[in-house]
Amino acid sequence: MNVPNAEKPIAIHFGAGNIGRGFIGAVLSQAGFHVVFVDVQKDIIDALNEEHGYDLHILNNESHTERVENVSGVMSTDLETIKKISKEPVSIITTAVGAGVLPKVAKPIAEIIKTRMVDKRGPIDIVACENLQHATDLLKEEIEKELNDDECEYMQENIGFAVCTVDRIVPPFESKNILDAGVEPFYEWTVDRNSLKKTDPDVTIKGMHTTDNLDAYVQRKLFTLNCGHAITSYLGFLSHKPTILEAIQTPSIHSAVSKALRESGTALVKKHAIFNEDDHNRYIETTLHRFANPHIQDEVTRVGKEPLRKLKKGDRLLGPIEMCREFGLPREGLLMGVAAALLFAPKDSEDEQVKELKGMIEEKGLRKVVLELTGWEEGDEDVEKVVGEYEKLKGKGFDCRL
Ligand SMILES: NC(=O)c1ccc[n+]([C@@H]2O[C@H](COP(=O)([O-])OP(=O)(O)OC[C@H]3O[C@@H](n4cnc5c(N)ncnc54)[C@H](O)[C@@H]3O)[C@@H](O)[C@H]2O)c1
Ligand SMILES: O=P(O)(O)OC[C@@H](O)[C@@H](O)[C@H](O)[C@H](O)CO
């Protein structure tokens, strides 16, 4: 691609996938940036450089499209072009590549930082938009490994690393144009205000909210939307429902997910003074309503994918359980969600983590795997509950238990 002409400030976004094109790239473009998408998929990059725009299909009763313009693309291996672009008026770098891929984008981002240091360019912000607590901090650690001491010093002074939470359901979308994205109307992008630098140009990004209480918002989203989404997908899989819509329309699944979210909600409200029970209950209802959007086809295999990542400590399943344990609160629904996750094994799945999890349980036995994943002591009542729920689900399936 040619370096975009510098009439507009530039945002560089890594990951031209669902959330990249369907949310973050669109918000940045609408805020007045020229958005340079960096990706590994040549067909997407070529299409971005030919079309310089695409349609966002808003999926609700009054479906309509919004045009996203001023976009182009560059392959993530094309470091020379990435370096040239970084000499232009860049204000922000964002990512939406997936938590596991984040370390791989550290190198090209480090090249941008090195180039800007040599060119004596001013501050920019970096925001990793992934479903992972402290994703931007992890990215920063990876970038540091690519820099020498002087470059690290330049980075500390000139680069704002801001943690964020990003929420919009954007499943893969079938369309004639490979760039188009299909999105729900709801969106929320909340960024840590205290880590942002004054950039040049300093663009106000409508659609990006800032807060002083980022941890609370990250946990609210991950322990509600993603927790409920994951449990819906795992129970959906066990009940032979291919999509989130069909799963959440099943009364027994709806009530199980709702129960788990009320448990996590009680803990969230107790933990974070900025939330209150009534508002949080409304947030849960909105979340369940979003899962039931009849215009969205979201497969349980997408939402449940990489179960070992979702079963990590602090993530959407064990995170809220730990919070409930801290306050001595009920957590049966959440523990059942963990048991369902451990049974997620779609036939012929190419998901490496599905295979790995299945192999771990076969090799070590369920109880040992639960102990390893949770870090709880042998004999802990929650370990026994997960094991008990797993055996019930495995033996009788999900619906039959109620
Ligand atoms: N889709 C959603 O509903 C949603 C919503 C909120 C947050 N998220 C989070 O956003 C992130 C991305 O999710 P997605 O649904 O957009 O996934 P996706 O698979 O649609 O997009 C990821 C993109 O990253 C690209 N990529 C892979 N390796 C790369 C590399 N080395 N350099 C540059 N690009 C690379 C892929 O080619 C792909 O286009 C994940 O962390 C996800 O949890 C997704
Ligand atoms: O992207 P994951 O695998 O972390 O989680 C799957 C979904 O829950 C997720 O992509 C949601 O659609 C999204 O987080 C909505 O904001």
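What counts and what doesn't
- Sequence order sets the numbering: in each chain, residues are counted from 1 along the sequence as written.
- Each chain takes a letter, starting from A, and each ligand takes a number, starting from 1, following the order in which they are written.
- Totals for whole chains, interfaces and linings use all residues, but because this is a predicted model, local features are given only for residues with pLDDT of at least 70 and pairs of side-chain atoms are given and counted only at 80 or more.
- For side-chain calculations, the full set of non-hydrogen atoms in the structure is used, while hydrogens and water are omitted.
- Between 30 and 60 degrees the pair is tilted, below 30 it is stacked and above 60 it is edge-to-face, where a pair is any two Phe, Tyr or Trp rings, Trp via its six-membered ring, whose centres lie within 6.5 Å.
- A run of DSSP states H or I qualifies as a helix once it reaches four residues; a run of E qualifies as a strand once it reaches two. Both are numbered from the N-terminal end.
- With a 1.4 Å probe rolled over the protein chains alone, any residue whose accessible area is under 20% of its type maximum counts as buried; one over 50% counts as exposed, and the rest are partly exposed.
- UniProt positions are given in the numbering used here, feature names are shortened, and annotations may be inferred rather than shown by experiment.
- Contacts are assigned to residue pairs that have any heavy atoms within 4.5 Å of one another.
- One less than the number of residues in a helix, times 1.5 Å, gives the span that helix is expected to have.
- The rule for a residue being near a molecule or strand is that one of its heavy atoms must lie within 4 Å of it.
- Counting of polar contacts relies on pairs of N or O atoms within 3.5 Å, with two restrictions inside protein: one atom must be capable of donating a hydrogen and the other of accepting it, and residues adjacent in sequence are counted only when both atoms are side-chain atoms.
- What sets the accessible areas is the Shrake-Rupley method with a 1.4 Å probe; for residues, cover comes only from the shown protein chains.
- Polar here means any residue other than Ala, Val, Leu, Ile, Met, Phe, Trp, Tyr, Cys and Pro, which are nonpolar, and Asp, Glu, Lys and Arg, which are charged; Gly is therefore polar.
- It is the directions from the helix axis to the C-beta atoms that the arc portrays.
- Domain limits in this description derive from either an automatic procedure or a database domain assignment.
- Reported buried area values correspond to the accessible surface (1.4 Å probe) lost by two parts on association, with both partners' losses combined.
- In the sections that follow, a salt bridge refers to a side-chain nitrogen of Lys or Arg positioned within 4 Å of a carboxyl oxygen of Asp or Glu.
- Each residue carries a pLDDT score, the predictor's confidence in it, ranging from 0 to 100.

J.: Outline the packing of aromatic side chains, supporting the account with residue identities and numerical values.
T.: One pass over the structure, following the stated rule, counts 4 aromatic pairs. Plain terms: the ring middles of Phe23 and Tyr187 are 5.5 Å apart, the flat faces sit at 55 degrees to each other, and that makes the pair tilted. Taken as a pair, Phe23 in helix 1 (residues 18-30) and Tyr187 in the loop between strand 10 (181-183) and strand 11 (188-192) lie far apart in primary sequence, 164 residues in all. The exposure class assigned to Phe23 is buried, which follows from its relative accessible area of 0%.

J.: Give a detailed account of the UniProt feature "domain: Mannitol dehydrogenase N-terminal" (unreviewed entry) in the chain, specifying residues and quantitative values.
T.: Residues annotated in UniProt with the feature "domain: Mannitol dehydrogenase N-terminal" (unreviewed entry) correspond here to residues 11-203. End C-alpha atoms of residues 11-203 are separated by 10 Å, and the span's content is 33% helix alongside 27% strand.

J.: Break down the environment of Val166 for me, citing the residues and quoting the values.
T.: Mapped onto the elements, Val166 comes out in strand 9 (residues 164-167). Along the primary structure Val166 and Lys313 are separated by 147 residues, whereas in three dimensions their C-alpha atoms are 20 Å apart. Apart from residues lying up to four places away in sequence, Val166 is in contact with Ile19, Phe23, Ile24, Cys129, Glu130, Asn131, Glu188, Trp189 and Lys221.

J.: An account of helix 9 (residues 251-271) is requested, with residue identities and associated values reported.
T.: Along its 21 residues, helix 9 runs 30 Å from first to last C-alpha, staying within 8% of the 30 Å computed at 1.5 Å per residue. Those residues of helix 9 that are buried lie in contact with helix 7 (214-238), helix 8 (244-248), helix 10 (277-291), helix 13 (318-327) and helix 14 (332-342).

J.: Please provide a residue-by-residue account of the site of ligand 1, values included.
T.: Taken together, 25 residues surround ligand 1, and among them Asn18, Ile19, Asp39, Glu130 and Val170 come closest. Asn18 is positioned such that a nitrogen or oxygen atom in its backbone is 2.9 Å from an oxygen atom of ligand 1. With respect to ligand 1, the backbone of Arg168 contributes an N or O atom lying 3.2 Å from an oxygen atom. Taken by itself ligand 1 offers 820 Å² of open surface, and the protein chains cover 84% of this. Broken down by secondary-structure element, the contributors of at least two residues to the shell around ligand 1 are helix 1 and strand 2 (34-39). Each residue belonging to the shell around ligand 1 can be placed in one class, and the counts come to 13 nonpolar, 7 polar and 5 charged.

J.: Give me the lowdown on helix 3 (residues 79-86), citing residues and values where you can.
T.: All of the buried residues in helix 3 are Thr81, Ile82, Ile85 and Ser86. Buried residues of helix 3 fall within an arc of 140 degrees about the axis and therefore sit on the same side. Contact partners of the buried residues in helix 3: strand 1 (10-14), strand 2, strand 5 (71-75), strand 6 (90-95) and helix 4 (106-118).

J.: Can you break down the domain arrangement of the chain residue by residue, with the values?
T.: You can read the domains of the chain as domain 1 (10-212) and domain 2 (215-401). The partner domain 2 presents 25 residues to the 22 residues of domain 1 that form the contact. Between domain 1 and domain 2, the buried area comes to about 1800 Å², and carbon and sulfur atoms account for 55% of it. The three residues of domain 1 that bury the most area against domain 2 are Asn131, Gln133 and Ile169, which together make up 33% of that side's buried surface. Across the salt bridge formed by Glu184 and Arg290, the nearest N and O atoms sit 2.5 Å from each other. Counting the contacts that link domain 1 with domain 2 gives 10 residue pairs in polar contact (both at pLDDT 80 or more). Among the secondary structure elements, those contributing two or more residues to the side of domain 1 that touches domain 2 are strand 9 and strand 11. Sorting elements by how many residues they give to the side of domain 1 that touches domain 2 places strand 9 first, with 4 residues.

J.: Please set out the site of ligand 2 residue by residue, giving values where relevant.
T.: Lining the immediate environment of ligand 2, one finds 14 residues, of which Asp167, Lys221, His229, Arg309 and Lys310 sit closest. Between ligand 2 and Lys310 there is a distance of 2.8 Å, counted from an oxygen atom to a side-chain nitrogen or oxygen. For the shell around ligand 2, the elements supplying multiple residues, two or more each, are strand 9, helix 7, helix 11 (300-303) and helix 12 (307-310). The residue inventory of the shell around ligand 2, partitioned by class, reads 4 nonpolar, 3 polar and 7 charged.

J.: Tell me about the confidence of the model for the chain, and please be specific about residues and values.
T.: Interpreting fine coordinate detail is not advised for predicted regions of low pLDDT. For the chain, per-residue confidence averages 96 on the pLDDT scale, and residues scoring 70 or more make up 98% of the total. For this predicted complex, the interface score ipTM comes out at 0.99, while the overall pTM is 0.97.

J.: Lay out the side chain of Thr224 in plain terms, naming residues and giving numbers.
T.: Topologically, Thr224 is positioned in helix 7. Once residues lying within four places of it in the same chain are set aside, the contact partners of Thr224 are Gln219, His229, Leu261, Leu268, His280, Tyr283, Ile284 and Thr287.

J.: Before we move on, could you go through the pattern of salt bridges and cite the residues and values that matter?
T.: Per the stated rule, a full pass over the model turns up 31 salt bridges. Where Arg325 meets Glu322, a salt bridge forms, and the shortest distance between an N and an O atom there is 3.8 Å. On the criterion of helical spacing, the pair formed by Arg325 and Glu322 is a turn pair, its members being 3 residues apart in helix 13. Note on Arg325: relative accessible area 24%, which makes it partly exposed. The partner of Arg325 in a salt bridge is Asp380, with the nearest N and O atoms 2.8 Å apart. With Arg325 in helix 13 and Asp380 in the loop between helix 16 (366-374) and helix 17 (381-396), this pair connects stretches of sequence that are 55 residues apart. Asp380 gets classed as buried once you look at its relative accessible area, which sits at 16%. Three or more residues joined by partner-sharing salt bridges are found here, namely Glu322, Arg325, Arg331, Glu332, Asp380, Glu381, Asp382 and Lys385.

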